[in-house]
Every structure is written in C-alpha cells, then in structure tokens.
Amino acid sequence: MMNKNVFSYCLLLCLSFYINSSNAAQIIDSENNNNTYQIGRMVQKIQIALDTFDEKQSLQIIVAYGTDSRYYMMIRGWLFQELVAVESQLYAAKKAQVKQAFQDKSNFLKKAIRAIDLE
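(A) A look at the overall build of the protein chain. Looking only at helices and strands, one finds four helices and zero strands in the protein chain. The contacts of the protein chain with a sequence gap of at least 6 include a subset with a gap of at least 24, amounting to 63%. Entry remark: accessible area of the protein chain is about 8,900 Å², with carbon and sulfur atoms responsible for 59%.

Structural data, given as structure tokens:
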C-alpha cells in the first residue's frame, strides 16, 4: 500500500513538473517570437528609411534604433556596407545626374553613421 502511494506521488510530481516546464517553454517561445517580430519590424523600417532617405524622418528612424545598444553594431555595420556600395557606384557613374543621386545617398549615410556614433 505504501509503495502505491509513493508511486502515485512521484507520478503526480513528474506530471506537474512536465506541465510547468511545458508552460515555461511555451512562454519562452512566445517571447522569442515577439522579439523576432520586433526585430523584423525594425529591419523593415530601417530598410524603408534607407530606400527613401527623407532627410529628417529617415534619420530619426535610424537614430532611434541605431542608438539602442542592443542593435548599434548591427545597424552601424549595415550603414557602413551600404555606404561602401553607394560610393563604389558613385565612382563608377558617368552621368552627372546619376553621380549626384549617389552623392546625396552617400552624404545621407555618412550623416546617419555620425548621428548614431555621437549619441
């Protein structure tokens, strides 16, 4: 009789541990999904800001995310790689109008990098 009670107690303890750990895993998965979603939204917003590079609004978006210490290195690296690509295209461009567009984008990227470095 005693062994049956001990066995029932152990089974109940194991089940409660399993249920609690399962709930904890679901909570962690939910938090990870939420973080992944937020990072995805951040990347989309920065990409739109880089594509439109409206001086004031785009710079605000980039600075808002770029000054967050969790994302600073990623965003600064991204901006630097964009700058390298734009300057390569700038030096290869022949037409004055095309050169000016690349120069404007280069100036914007330099300003964005300076802004997140200074914050």
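That shown, we press on.
(B) Broad picture of the environment of Val86. One can find Val86 in helix α3 (residues 72–92). Along the primary structure Val86 and Leu109 are separated by 23 residues, whereas in three dimensions their C-alpha atoms are 9.1 Å apart. Val86 has contacts with Phe102, Lys105, Ser106 and Leu109, leaving out every residue within four places of it along the chain.

(C) Broad picture of the side chain of Ser106. Along the polypeptide, Ser106 turns up in helix α4 (residues 96–118). In contact with Ser106, not counting residues within four places along its chain, are Leu83, Val86 and Glu87.

(D) Inspection of a nonpolar patch on the surface at higher detail. Taken together, the side chains of Ile39, Val43 and Met74 make up a nonpolar region of the molecular surface, amounting to roughly 210 Å² of accessible area. Its location among the elements puts Ile39 in helix α1 (residues 2–52). A relative accessible area of 33% places Ile39 in the partly exposed class.

(E) Highlighting the side chain of Ser58. In this structure, Ser58 sits in helix α2 (residues 55–66). For Ser58, the contacting residues outside a window of four places in its chain are Ala49, Thr52, Phe53 and Phe108.

(F) Representation of the packing of α3 against α4 within the structure. Packing of α3 against α4 brings their axes to within 9 Å, and their N-to-C directions diverge by 160 degrees. The orientation of α3 relative to α4 falls into the category roughly antiparallel. Judged by the sense of rotation from one axis to the other, the crossing of α3 with α4 is left-handed. In this structure, α3 uses Tyr72, Ile75, Arg76, Leu79, Phe80, Glu82, Leu83, Val86, Glu87, Gln89 and Leu90 to contact α4, whose residues at the interface are Lys99, Phe102, Gln103, Lys105, Ser106, Leu109, Lys110, Ala112, Ile113, Ile116 and Asp117. Of the residues in the contact of α3 with α4, the class split is twelve nonpolar, three polar and seven charged.

(G) Here's a closer look at the pattern of salt bridges. Counted under the stated rule, the structure contains three salt bridges. Between Arg70 and Asp68 there is a salt bridge; the shortest N-O distance is 2.6 Å. Looking at Asp68, the relative accessible area reads 21%, which means it is partly exposed. We note a salt bridge from Lys110 to Glu87, for which the minimum N-O separation is 3.2 Å. Taken as a pair, Lys110 in helix α4 and Glu87 in helix α3 lie far apart in primary sequence, 23 residues in all. On the accessibility criterion, Glu87 (19% relative accessible area) is buried.

About the cut-offs
- Residues numbered from 1 in each chain as written.
- Predicted model: local features only at pLDDT ≥ 70, side-chain atom pairs only at ≥ 80, totals over all residues.
- Heavy atoms only, no water.
- Helix = DSSP H or I, 4+ residues; strand = E, 2+ residues; numbered from the N terminus.
- Contact = heavy atoms within 4.5 Å.
- Areas by Shrake-Rupley, 256 points an atom, 1.4 Å probe, with all protein chains shown as cover.
- Patch = residues over 30% accessible without salt bridge, like charges linked within 9 Å, V, L, I, M, F, W, Y side chains within 5 Å.
- Salt bridge = Lys/Arg side-chain N within 4 Å of Asp/Glu carboxyl O.
- Buried < 20%, exposed > 50% of the residue type's maximum accessible area, 1.4 Å probe, protein only.
- Axes fitted to C-alpha atoms, helices over the stretch in contact; angles between N-to-C directions.
- Parallel < 35°, antiparallel > 145°, perpendicular 65-115°, else oblique.
- Left-handed = near helix turned anticlockwise from the far one by under 90°.
- Nonpolar A, V, L, I, M, F, W, Y, C, P; charged D, E, K, R; others polar.

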